[in-house]
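Listed below are the residues making up each chain.
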Amino acid sequence: PHVPKCIAVKDIAQQPFIVMEYVQGTNLLKTLDEAPLSPERVAQIGAKVAAALVDVHRQNVLHLDIKPSNIMLRDSGEAAFIDFGLSRHLLLPDLLEEEFRVPMGTGPYISPEQVLRNRTDPRSDIFSLGVLLYHFATKVRPWGIPKFNRALRARLWRDPVPPRKLNPDVPPYLQEIILRCLEPNPERRYPTAAQLLFDLQHPDEVRLTERAQRMERSGFITTMKRRFRSAAKDIEQP
């Protein structure tokens, strides 16, 4: 239920076409106008999207363009992803990576790894979902709408304003979840979408760290250390 069904395909030898299911439901883009949403609704929507990520990741597929306009909420309740134009299958050659030498994704939602042209990590989708949750909780995008590569790269070292500073109604558990999703280092994010799904469905069991109480961005020294590390990673890129 988390992807549109493929009804028919015709190859290029005659008239190429793809017939896909028309997904009955609501595009999540419309929900942005209602932000900030209640914490319960943010967690509910996040859980639906995380469940969809669990499904596609188990099939070795990374979406790599998670954003509200690419998510449908079916009338039956499940989240369905649309527009797999930037996605990749981990067991197949990545033709986009071979063809392009620029970051591929949507500016506000693209992960730090994608900025560095790494399209191999499922946690990139978790980062993008974290951006979505942040926006729903605060009505603000954590890094705005970057239009140039320099602004896009800021997420490699600059953490966002903590959600609770922008919206005091955000509970500690939800800030913990959101900021963990948005860690610049993927090793510090949720390892899998399944673990993120569990926390969204069981707020009382979320293990709170300093992220939950954070009210300010990281200081200058921490930010500069991240910046130097990201510069080193950039040099390592082919």
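Residues numbered from 1 in each chain as written. Predicted model: local features only at pLDDT ≥ 70, side-chain atom pairs only at ≥ 80, totals over all residues. Heavy atoms only, no water.

## Digging into the nonpolar core
In step 1: The biggest cluster of nonpolar side chains holds 43 residues, and the ones touching the most others in it are Ile177 and Leu196.
In step 2: Counting residues per element, the ones that place at least two in this core are helix 1 (39-58), strand 5 (71-74), strand 6 (79-81), helix 4 (123-138), helix 7 (172-181) and helix 8 (193-201).
In step 3: Sequence-distant contacts of leucine 196, that is, excluding residues within four places in its chain, are made with Ala50, Ile126, Leu129, Ile177, Cys181 and Tyr190.
In step 4: Counting residues in hydrophobic clusters, the runner-up holds six residues, among them Val115, Leu152, Leu156 and Trp157. (Core = buried A, V, L, I, M, F, W, Y, C linked by side-chain atoms within 4.5 Å. Buried < 20%, exposed > 50% of the residue type's maximum accessible area, 1.4 Å probe, protein only. Helix = DSSP H or I, 4+ residues; strand = E, 2+ residues; numbered from the N terminus. Contact = heavy atoms within 4.5 Å.)

## Looking at the packing of aromatic side chains
Working definition: an aromatic ring pair is given by the centre-to-centre distance plus the angle between the planes.
In step 1: The full count for this structure, using the stated rule, is one aromatic pair.
In step 2: Above the ring of tyrosine 190, the side-chain terminus of arginine 180 is found at 4.1 Å from the ring centroid. (Phe/Tyr/Trp six-rings, centres within 6.5 Å; stacked < 30°, edge-to-face > 60°. Lys NZ or Arg CZ within 6 Å of the ring centre and 35° of its normal.)

## Describing helix 8
In step 1: All of the buried residues in helix 8 are Ala193, Leu196, Leu197, Asp199 and Leu200. Along the axis of helix 8, the buried positions cluster into a sector of 165°, meaning they face one direction only.
In step 2: Next to the buried residues of helix 8 lie helix 1, helix 4 and helix 7. (Arc of directions from axis to C-beta.)

## Some points on the packing of helix 1 against helix 4
In step 1: Interaxial distance between helix 1 and helix 4 falls to 10 Å at its minimum, and their mutual angle equals 165°. When the axis of helix 1 is compared with that of helix 4, the two are roughly antiparallel. Between helix 1 and helix 4 lies a crossing whose hand is right-handed. Where helix 1 approaches helix 4, its residues Val42, Ile45, Gly46, Val49, Ala50, Leu53 and His57 are matched on the opposing element by Asp125, Leu129, Leu133, Phe136 and Ala137. (Axes fitted to C-alpha atoms, helices over the stretch in contact; angles between N-to-C directions. Parallel < 35°, antiparallel > 145°, perpendicular 65-115°, else oblique. Left-handed = near helix turned anticlockwise from the far one by under 90°.)

## Some points on the side chain of aspartate 65
In step 1: Among the structural elements, aspartate 65 can be located in the loop between strand 4 (61-62) and strand 5.
In step 2: Excluding residues within four positions of it along the chain, aspartate 65 makes contact with Asn70, Leu86, Gly105, Thr106 and Asp125.

## Some words on the sheet that holds strand 6
In step 1: Taken in spatial order, the three strands make up an open sheet running 3-5-6, and their pairing is antiparallel. Two strands bound the open sheet, and with one partner strand each, they are strand 3 (25-27) and strand 6. Strand-to-strand twist across the sheet, computed as the mean angle between neighbouring axes with direction ignored, equals 30°.
In step 2: Across three bridges, strand 5 lies against strand 6 in antiparallel orientation. Along strand 6, the bridge assignment pairs leucine 73 with alanine 79.
In step 3: Each of strand 5 and strand 6 is contacted by helix 1, which is oriented at about 50° to strand 6, the strand it contacts most. (Pairing = 2+ DSSP bridges.)

## What about the environment of glutamate 40?
In step 1: The residue glutamate 40 is located in helix 1 in this model.
In step 2: On a C-alpha basis, the gap between glutamate 40 and proline 16 in space is 45 Å, while along the polypeptide they are 24 residues apart.

## Comments concerning empty space enclosed by the protein
Picture a little ball the size of a water molecule; that probe, rolled over the atoms, points out where space is still empty.
In step 1: All told, the structure shown has one cavity of 30 Å³ or more when counted by the stated rule.
In step 2: One number sums up the size of the largest cavity: a volume of about 30 Å³.
In step 3: Leu64, Asp65, Ile66, Gly105, Thr106, Tyr109, Ile110, Gln114 and Ser128 together form the lining of the largest cavity.
In step 4: Classifying every residue of the lining of the largest cavity by side-chain character gives four nonpolar, four polar and one charged. (1 Å grid on protein atoms, 1.4 Å probe; cavity = no way out; pocket = protein on both sides within 12 Å on 5 of 7 lines; lining within 4 Å. Points joined across faces, edges and corners; volume = space filled by probe spheres on them. Nonpolar A, V, L, I, M, F, W, Y, C, P; charged D, E, K, R; others polar.)

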